[in-house]
Structures are given as C-alpha cells and as structure tokens.
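# Residue-level structural notes
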Amino acid sequence: MIESPESSATAEELDASDPLAEFRQHFELPDGVYLVGNSLGPLPKSARQFVETEFNRWATLGVEGHFTGPLSWKDYHHLVTKQLAGLVGAQQDEVVAMNALTVNLHLLMISFYRPTAARHKILIEDHAFPSDHFAAESQIRQRGFDPAQSLVTLAPRPGEETLRPSDILATIGDLGDELALVLLPGVQYYTGQVLPMADITAAGHAVGATVGFDLAHAVANVELQLHDWNVDFAAWCTYKYLNSGPGGVGGAFVHNRHVSDDKLPKFTGWWGTNAATRFEMACDFDAIPTVDSWQLSNAPVLSLATLRAALDIIDSAGGIGAMRRKSEQQIRFLDRRLAAQLGARIENLTPPEMGQRGCQFALRVANGNGKAVFKALEEANVYCDWREPDVIRAAPVPLYNSFADIERFVQILDRVVDHEVEGPGA
Ligand SMILES: *Cc1c(COP(=O)(O)O)cnc(C)c1O
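### Comments concerning the packing of aromatic side chains
The final tally for this structure, using the stated rule, is 13 aromatic pairs. An aromatic cluster is present here, built from Phe67, Trp270, Trp271 and Phe279 joined pairwise through their rings. The ring of phenylalanine 129 has lysine 240 lying over it, and the distance from NZ or CZ to the ring centre is 5.3 Å. One residue, arginine 357, lies across the ring of phenylalanine 361, its end atom 5.0 Å from the ring centre.

Pasting the structure below:
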C-alpha cells in the first residue's frame with residue numbers, strides 16, 4: 001500500500017499546512033486541551049461585541065429597538081436563517097432559530113406524530129438521549145396511547161456497540177403500517193455514530209411514517225442535506241458545535257412540502273402569524289407560509305447575537321465543507337496516534353468508517369478504570385466528558401482544535417491510562 005504523506009505527518013507538520021489553523025484565535029478557550037465542543041462549544045471572541053451592540057441598542061432605543069434599523073429585534077431571528085440553512089442543507093423557508101431543542105422536538109411532534117389506532121408507534125433508539133426518550137414517551141401518553149405498546153426502541157445487536165444501518169432499515173420495514181414516526185439522531189450522542197439519514201428517511205416514507213432527526217451532535221459536525229433527503233422535520237441545539245453559549249437558542253427544520261400545509265396540527269403563538277398584521281392584534285391566525293409559523297414567542301435576541309458571532313466565523317472558515325475536510329484529517333490523525341501510542345489499552349466505540357462518524361470519539365479504557373482515567377485527564381486540564389456507564393467522549397473540533405491538541409491529548413492519556421487513582425488528589 002502506498003502511504004500518503006499524511007499517514008506519517010507529525011502534529012506540527014499538519015498544523016503548519018492547516019488552512020483553518022488561524023481560526024483558533026477567534027475563540028476564548030479555557031487553559032488546557034479543550035475537546036468537549038460536543039457538549040459546550042467555546043466562546044467566540046466576537047460574541048462580546050455582538051451582544052454589546054444589542055445592549056447599546058437596548059440602552060439607547062429602548063422598546064424602539066424592536067422596529068429600528070437592520071437589526072430590528074422583531075426580525076432579528078431572520079439574520080441567522082441563511083447560514084443555518086447552509087449548515088443543514090435546507091432552503092431558507094425551511095429553517096428557523098427558536099426555543100430550545102427539546103421544546104422544538106415537542107412542537108414538531110405535535111405536527112408530525114399523528115397516531116391512529118392502527119398506526120401509533122414511534123421508533124427511537126434504545127440508548128436515546130434521555131430528553132428525546134422523555135419527549136417521545138410523553139407525546140405518546142398525551143395522545144392517549146401507552147408507551148409500552150407504542151414506543152419501540154432500537155438497540156445494537158448483542159455484543160455490538162453501534163447500530164448496523166441495515167438493521168435500522170429492516171426494523172422500519174418490519175414495523176410497517178404500525179409505524180407513525182421515526183425519531184432518530186443524526187449523530188448518536190454516546191458513540192458518535194452517524195446514522196444513514198437519507199436511507200432512514202426513504203425507509204420511513206416507504207412504510208407511510210414521518211421521519212424526524214435530532215441533530216444536536218450533527219449540525220456543524222457533519223454535512224447534512226435535509227431538503228434533498230426529504231426529511232420531514234429536524235431540531236437541534238446551537239451550544240454544542242455552534243458555539244452560541246450555554247442554553248443557546250435551538251433550531252428547527254420543516255421540509256417545505258409541509259410548511260404551508262394548514263391541515264397539520266400545530267401549537268401556535270403570535271410569532272407564527274403574518275408579521276405584516278401581527279401588531280394589529282387581531283385574533284385570526286394567518287400562518288406565515290414558512291417554518292416560521294411554528295414560532296410561538298418573540299425571539300431571544302441576546303442568544304441569537306452570540307449565535308450570529310459563531311456563524312460568521314464558520315462562514316469565513318469556508319463553511320461545513322471546509323470544516324469537515326479538516327475534521328476527517330483530524331479523525332485519521334487521532335486514530336493513528338491512538339493505535340500507535342495506546343494500542344489495545346483504549347477501545348474506540350465509534351465506527352471506523354468515515355461515513356459513519358463525526359469528530360467525536362467514544363473511548364473506553366480496556367482495564368475498566370475509565371472513570372479514574374477521566375478524573376486524571378481532568379486534573380491534567382484535558383477537557384473531555386464522561387458518559388455513563390463507561391465512555392470518555394473526546395471531540396477534536398476543526399474550527400479551534402489543532403493537531404497539537406490531539407497530540408497532547410494522546411500523550412497525557414498515555415501517561416494516565418494505567419494509573420490507578422486511589423482517591424481525591426491521588
Ligand atoms: C444536547 C442534547 C439535548 C439537550 O436538550 P436541550 O433541550 O437543548 O436541553 C437533547 N438531545 C440530544 C440528543 C442532545 O445531544
């Protein structure tokens with residue numbers, strides 16, 4: 001096999017030829033190695049200015065800030081539409097920033113989970129993020145069904161860590177005309193596995209179900225084509241790979257073949273009605289003919305301001321295509337360094353196929369001492385996270401992590417991996 005130059009390059013060499021290397025300086029990162037952008041992305045330096053601008057407008061304009069100038073708060077959420085649409089592969093009438101992730105899942109299930117006596121099942125994964133599980137379960141109860149009959153969970157085969165794509169599609173086929181909704185993640189939060197979203201959507205539609213994705217770990221991590229894949233709906237948060245800060249505004253997608261369907265059940269509020277007549281305060285709901293009609297409340301401007309800062313940085317980096325190119329290099333580099341330095345002492349649960357993984361690694365310590373190793377990493381200022389029962393998640397993010405960060409992580413992991421932590425401070 002011919003080796004590419006990349007297959008032996010050092011971190012230093014890879015950083016030197018990295019076109020995105022300069023973007024690290026646009027973020028304020030805690031001291032140490034920050035590999036936890038899968039949980040909370042770091043602060044974009046420019047976010048302070050974006051927020052300060054709104055503070056100033058608030059201080060000087062007061063309530064007039066809602067109606068004044070290109071940053072008018074009543075339209076402020078539109079300032080992120082184009083960039084969000086680009087990131088998820090959507091058209092502009094299909095994407096809106098609103099609420100938070102779990103809230104959006106509920107609002108979208110009101111529209112896209114329409115159970116009948118014969119067709120009432122929701123397919124989720126067995127190891128779903130608890131919030132998604134709770135949301136699906138409570139939607140089932142709310143419609144008068146029983147989760148014991150209507151909530152179907154999909155697990156890897158015994159002894160396997162991740163879902164086989166063909167098993168997912170076969171399960172959807174088997175559920176057939178009892179299946180009302182498929183609600184799966186784009187990227188699984190624990191293993192980092194990327195699910196085959198286009199195939200899942202086609203399989204769901206083939207049996208007459210609707211298909212929605214939770215993109216919390218997918219957006220700004222992997223490339224998405226929600227419109228072309230014909231996905232019915234999706235929701236995500238923006239504080240992970242989108243760096244909008246803790247509790248940042250959520251995002252939602254509804255395919256534009258549904259956005260002006262007035263037969264869809266929907267929870268409504270004044271921000272979903274025609275903006276031209278909204279302030280006449282009449283009570284005839286006149287749905288905006290875009291996904292905006294799912295909005296309930298006026299938009300969280302300060303949170304959108306930090307998101308705008310992050311989205312501008314992503315744009316100047318060349319968008320998700322450029323980020324993913326670097327990400328794949330970083331994934332290969334971390335794979336290679338783990339194999340060389342840690343060998344069998346560390347197992348990665350993330351599938352090895354590039355098409356089935358994003359930037360997050362799900363590492364299991366072979367000696368069973370994972371929690372102690374995680375604590376030792378924390379003490380060494382390596383930021384990753386621990387997910388029960390036994391996984392250390394580490395995500396090199398192309399926008400702000402260098403190859404040197406990855407190398408340092410491997411060196412420190414090598415130092416602590418066999419180390420028994422006996423108690424606090426040990
Ligand atoms: C991060 C995450 C959440 C968090 O939900 P919020 O409503 O933003 O608090 C939910 N589901 C998944 C899959 C996540 O990764």
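### Remarks on the domain arrangement of the protein chain
Domain boundaries assigned for the protein chain yield domain 1 (5-30 + 318-420) and domain 2 (51-314). Taking the mean C-alpha position of each, domain 1 and domain 2 sit 29 Å from one another. Across the contact, 31 residues belong to domain 1 and 20 residues belong to domain 2. Across the interface of domain 1 and domain 2, roughly 2100 Å² is buried in total on both sides, 58% from carbon and sulfur atoms. Per-residue buried area on domain 1 facing domain 2 is highest for Ile320, Gln356 and Gln360; these three make up 25% of the total on that side. Our count for the contact surface shared by domain 1 and domain 2 stands at 1 salt bridge.

### Observations regarding a nonpolar patch on the surface
There is a patch of nonpolar side chains on the surface, built from Phe67, Trp270, Phe279 and Met281 and spanning about 420 Å² of accessible area. Relative to the helices and strands, tryptophan 270 is located in the loop between strand E10 (251-254) and helix H10 (301-316). For tryptophan 270, a relative accessible area of 35% gives the class partly exposed.

### Quick notes on the nonpolar core
Within the largest apolar cluster, 70 residues are counted, with the highest numbers of intra-cluster contacts made by Ile172, Ile200, Leu215, Trp236, Leu242 and Leu399. Counting residues domain by domain, this core receives three or more from each of domain 1 (5-30 + 318-420) and domain 2 (51-314). Grouped together as the second largest cluster of nonpolar side chains are 32 residues, Leu14, Leu338, Leu363 and Trp386 included.

### Quick look at the sheet that holds strand E15 (residues 391-394)
Strand order in the open sheet formed by 4 strands is E11-E12-E15-E14, with antiparallel pairing between adjacent strands. A single partner strand is all that each edge strand has here, and the edge strands are strand E11 (346-348) and strand E14 (385-387). Across this sheet, the average inter-strand angle for adjacent strands is 35°, counted without regard to direction. Where strand E12 (residues 361-365) lies against E15, 3 bridges are found, and the strand directions are antiparallel. Note on E15: the bridge partner recorded for leucine 363 is isoleucine 392. Packed on one face of the sheet, helix H11 (residues 319-341) meets E11 and E12 and runs near 10° to E12.

Reading the values: rules and limits
Residues numbered from 1 in each chain as written. Predicted model: local features only at pLDDT ≥ 70, side-chain atom pairs only at ≥ 80, totals over all residues. Heavy atoms only, no water. Phe/Tyr/Trp six-rings, centres within 6.5 Å; stacked < 30°, edge-to-face > 60°. Lys NZ or Arg CZ within 6 Å of the ring centre and 35° of its normal. Domains from an automatic or database assignment. Contact = heavy atoms within 4.5 Å. Buried area = accessible area lost by both parts, 1.4 Å probe. Salt bridge = Lys/Arg side-chain N within 4 Å of Asp/Glu carboxyl O. Patch = residues over 30% accessible without salt bridge, like charges linked within 9 Å, V, L, I, M, F, W, Y side chains within 5 Å. Areas by Shrake-Rupley, 256 points an atom, 1.4 Å probe, with all protein chains shown as cover. Helix = DSSP H or I, 4+ residues; strand = E, 2+ residues; numbered from the N terminus. Buried < 20%, exposed > 50% of the residue type's maximum accessible area, 1.4 Å probe, protein only. Core = buried A, V, L, I, M, F, W, Y, C linked by side-chain atoms within 4.5 Å. Pairing = 2+ DSSP bridges. Axes fitted to C-alpha atoms, helices over the stretch in contact; angles between N-to-C directions.

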